[in-house]
Amino acid sequence: MFTDFRLLAAGQTLSWIGNGFQTVALAVAVVQAGGGAGDLGLVMASSVTFTLFCSLFGGVWADRLQPRNVMIVSDLIRLAAAAAMAAMFFGDAYHLPLLCALAAISSGAGSFFSPAMTALRPLLIPADRRQSANATLSMLQTGSSVIGPALGGLTVAAFGAPAGFTVNATSFLASMAACLLLRTRATRGPRSSMLRELGAGWREISSRDWLIGGLFGATLYHVANGVILVLVQVVAIERLGGAASAGFIAAAEGFGGMIGAAVALRFKPRRLLRAGWLTLLLMPFWALAYVWPAELIAVLAGAVIGYAGLIFFDVAWETALQDQVPHSALGRVASWDYLTSFLAMPIGNALAGPLSARFGTDPVLTVCAAVLFIAGLSQLLIPGSRNLTRATETTAAPVTPPELAATTTG
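In this text the structure is predicted, and so the values were computed from the model without any measurement.

(A) Region of interest: the overall build of the chain. Scanning the chain for helices and strands turns up 15 helices and two strands. Against the globule reference of 22 Å for 410 residues, the chain gives a C-alpha radius of gyration of 21 Å, in line with a compact fold. Taken along the three principal axes of its C-alpha coordinates, the chain extends 55 × 50 × 35 Å. Out of the 410 residues in the chain, the part that is buried amounts to 52%. Nonlocal contacts in the chain, meaning residues at least 24 apart in sequence, comprise 89% of its contacts between residues at least 6 apart. Computed over 24 positive and 19 negative side-chain charges, the inter-centroid distance for the chain is 9 Å.

(B) How the structure looks around the packing of helix α4 (residues 96-124) against helix α13 (residues 330-359). Running from N to C, α4 and α13 cross one another at 135°; their axes reach a closest spacing of 8 Å. It follows from the interaxial angle that α4 and α13 lie oblique. Judged by the sense of rotation from one axis to the other, the crossing of α4 with α13 is right-handed. Residues S114, P115, T118, A119 and P122 of α4 pack against L330, G331, A334, S335 and Y338 of α13. Split into classes, the residues belonging to the contact of α4 with α13 amount to six nonpolar, four polar and no charged.

(C) Molecular detail of a positive patch on the surface. There is a patch of like positive charges on the surface, built from R6, R129, R266 and K268. Here R6 shows up in helix α1 (residues 2-32).

(D) Spotlight on helix α14 (residues 361-379). Taking 1.5 Å per residue as the helical rise, α14 with its 19 residues ought to reach 27 Å, and the 28 Å between its terminal C-alpha atoms agrees with that figure. Listed in full, the buried residues belonging to α14 are T361, V364, L365, C368, A369, L372, A375, G376 and Q379. Burial along α14 is one-sided: seen end-on, the buried residues are contained in an arc of 135°. Away from the buried face of α14 by more than 90 degrees, exposed residues V367 and I374 are located.

(E) Unusual backbone geometry, seen in detail. For the bond from W292 to P293, the omega torsion is 5°, close enough to zero to count as cis. Inspection of the secondary structure puts P293 in the loop between α11 (283-289) and α12 (296-324). The phi dihedral of D92 falls on the positive side, at around 50°, and the residue is not glycine. Topologically, D92 is positioned in the loop between α3 (67-90) and α4.

(F) Representation of the nonpolar core within the structure. Counting residues in each nonpolar core, the largest one holds 50 residues, and the members touching the most others are W210, L211, I228, W286, Y290, W317 and L321. Considering every element that reaches this core, the biggest residue donor is helix α8 (residues 209-239), with 11 residues. Setting aside residues no more than four positions away along its own chain, W286 makes contact with N225, I228, L229, V232, E253, V299, G302, A303, G306 and Y307. In this structure, L8, L124, I125 and A133 belong to the second largest nonpolar core, which totals 21 residues.

(G) Quick look at the packing of α8 against α13. At their nearest, the axes of α8 and α13 sit 6 Å apart, and the two run at 35° to each other. The two elements α8 and α13 meet at a crossing, and its hand is right-handed.

(H) Main features of a nonpolar patch on the surface. The grouping of L282, F285, I305, F373 and L377 at the surface amounts to a nonpolar patch, some 430 Å² of accessible area in total. With respect to the element layout, F285 can be found in helix α11.

(I) Representation of the packing of aromatic side chains. What the rule picks out here adds up to 12 aromatic pairs. Aromatic pair F53 and F57: ring centres 5.6 Å apart, planes at 50°, arrangement tilted. Of this pair, F53 and F57 both sit in helix α2 (residues 36-64), four residues apart, roughly one helical turn. Judged by relative accessible area, which is 30%, F57 ranks as partly exposed. On the basis of an interplanar angle of 50° and a centroid distance of 4.5 Å, the ring pair of W277 and F313 is categorised as tilted. Taken together, the positions of W277 in helix α10 (residues 272-280) and F313 in helix α12 put the pair 36 residues apart, joining distant regions of the chain. Each member of the pair, W277 as well as F313, is classed as buried.

(J) Quick look at the side chain of D75. As for its position among the elements, D75 is in helix α3. The class for D75 is buried, based on a relative accessible area of 0%. Here the side chain of D75 touches R78 through a polar contact of 2.8 Å, side chain to side chain. Beyond its immediate stretch of four places on either side in the chain, D75 contacts F113, F172, S175, M176 and C179.

(K) Spatial organisation of helix α6 (residues 161-180). End to end, α6 covers 29 Å across 20 residues, agreeing with the expected 28 Å (1.5 Å per residue, within 8%). Of the residues making up α6, those classed as buried are A161, P162, G164, F165, N168, A169, S171, F172, S175, M176, A178 and C179.

(L) The arrangement of the environment of V325 in detail. Mapped onto the fold, V325 is located in the loop between α12 and α13. Residue V325 is classed as buried on the basis of its relative accessible area of 1%.

(M) Quick peek at the pattern of salt bridges. Under the defined criterion, the tally for this structure stands at four salt bridges. As a salt-bridge pair, D75 and R78 come within 2.8 Å of each other at their nearest N and O atoms. One end of the pair is D75 and the other is R78, both in helix α3 and three residues apart, which spans about a single turn. Neither residue differs from the other here; D75 and R78 are each classed as buried. A salt bridge links E204 to R208; the shortest N-O distance between them is 2.8 Å.

What counts and what doesn't
- All residue numbers refer to position in the chain's written sequence, counted from 1.
- Side-chain atom pairs in this predicted model are given and counted only at pLDDT of 80 or more, local residue features only at pLDDT of at least 70, and totals for whole chains, interfaces and linings cover all residues.
- The basis for every side-chain value is the complete set of non-hydrogen atoms in the structure, without hydrogens or water.
- Only DSSP runs of H or I covering at least 4 residues are called helices, and only runs of E covering at least 2 are called strands; the numbering of each starts at the N terminus.
- Radius of gyration means the value over C-alpha atoms here, while the globule rule gives 2.2 Å times the residue count to the 0.38 power.
- Working definition: with a 1.4 Å probe on protein chains only, accessible area under 20% of the residue-type maximum means buried, over 50% means exposed, and in between means partly exposed.
- Only heavy atoms matter for contacts: two residues are in contact if any of them lie within 4.5 Å across the pair.
- For the purpose of charge, His is not counted, nor are the chain termini; Lys and Arg are scored as positive and Asp and Glu as negative.
- Throughout, a charge is located at the NZ atom of Lys, the CZ atom of Arg, the CG atom of Asp or the CD atom of Glu.
- Where helices are involved, their axes are fitted lines through C-alpha atoms of the stretch in contact, as for all axes, and angles between N-to-C directions lie from 0 to 180°.
- Angles below 35 degrees are treated as roughly parallel, those above 145 as roughly antiparallel, those between 65 and 115 as roughly perpendicular, and all remaining angles as oblique.
- For a crossing to be left-handed, the near helix must be turned anticlockwise from the far one by less than a right angle; the clockwise case is right-handed.
- Side-chain classes follow a simple rule in which Ala, Val, Leu, Ile, Met, Phe, Trp, Tyr, Cys and Pro form the nonpolar group, Asp, Glu, Lys and Arg form the charged group, and the remainder, Gly included, forms the polar group.
- Every patch collects residues that have over 30% relative accessible area and no salt bridge, joining them within 9 Å if they carry like charges and within 5 Å if they are nonpolar side chains (Val, Leu, Ile, Met, Phe, Trp, Tyr).
- Here the accessible surface of atoms and residues is derived via Shrake-Rupley with a 1.4 Å probe, and residues count as covered only by protein chains that are part of the display.
- A carboxyl oxygen of Asp or Glu within 4 Å of a side-chain nitrogen of Lys or Arg is what we treat as a salt bridge.
- To estimate how far a helix should extend, the number of its residues minus one is multiplied by 1.5 Å.
- The directions considered for the arc run from the helix axis to the C-beta atoms.
- By nonpolar core is meant a set of buried Ala, Val, Leu, Ile, Met, Phe, Trp, Tyr and Cys residues that side-chain atoms within 4.5 Å join together.
- Pairing of aromatic side chains here covers Phe, Tyr and the six-membered ring of Trp, requires ring centres within 6.5 Å, and sorts the geometry by plane angle: under 30 degrees stacked, over 60 edge-to-face, intermediate tilted.
- By the criterion applied in these results, polar contacts are pairs of N or O atoms within 3.5 Å in which, for protein atoms, one can donate a hydrogen and the other can accept it, and in which residues neighboring in sequence qualify only through two side-chain atoms.

Structural measurements only, silent on function.
So, in structure tokens, the structure goes:
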């Protein structure tokens, strides 16, 4: 089990770092090819659209097939898409519709990978080690989100955008190789129709007050946070010192995330989900720091504290899903979870401009910070969110034979 988890962690870390290379390479390549913000927006919109379209189907297939196999195919598709992007820009053959299609294919494949990975993780680690495993992965992902773009920027500046796409393609190859070495298998039961299986996943959510309440709370949270994430960039550039300040703030956010994951490695309360919702209440103070005192040092401190709380919550939420949701439905439940986030965030992004133009940046940030606080605090009114306890080996996620038995081969 632990060997498989180390393989998964290593492969994913390389993949997360590689994604940072592609983020930089894509923006630079489109702009240098004369595409500008309009073209880049279309590429990003194509990516988000296919993420939304594929999310729920990815969860169904993660529960139907071996998660490992779904991840391998997903990595193979993303490798091919990244390699095609590298070839396009290496040959100076910029073609916007093709680039949109490649971005959509890559994101769609990623929508199959994520729920499959969620379904696989609880099979790799005993129930009493899941929180530590989730914290470790969160720490690696947060660190990669800082290291990847930094290394990507240096690489693209030195060798051009095709080099960034090539590194990302190579990272998918490394992730695929790690998945091929995984030995853990999940026994799957008979299939029904796609709609029936989607409905069964939703019933797993609606039957748990903490889960359905959390999804609706998270939807409200992500709309407000989508507004905030746009406006704080404007404030950082216009009031706090420009691009350099924005870079420092991003680094502080990453550092805070590392702290939150480190705390989750050590602090293991019995009612972990309640602790997670409490730490999420730190995030509004990060947003309010842009309004008052509106000084860079205060924003940096708020970023560290707020993102530490956010990542601790993420670990708590992932652990609760793995502990409490039957493994036969975990992929579909994870897909519904991803879908609410992806739907809500772009709505908030789109509202940021009109709201700030009508009411002003500071009032909108203040109200959105209050929405974050209310969305988190409201979950503590739900009995399940307050009282849910951690699983042990003897109280792990419920299993419904014969679909859910996990076996390890090799």
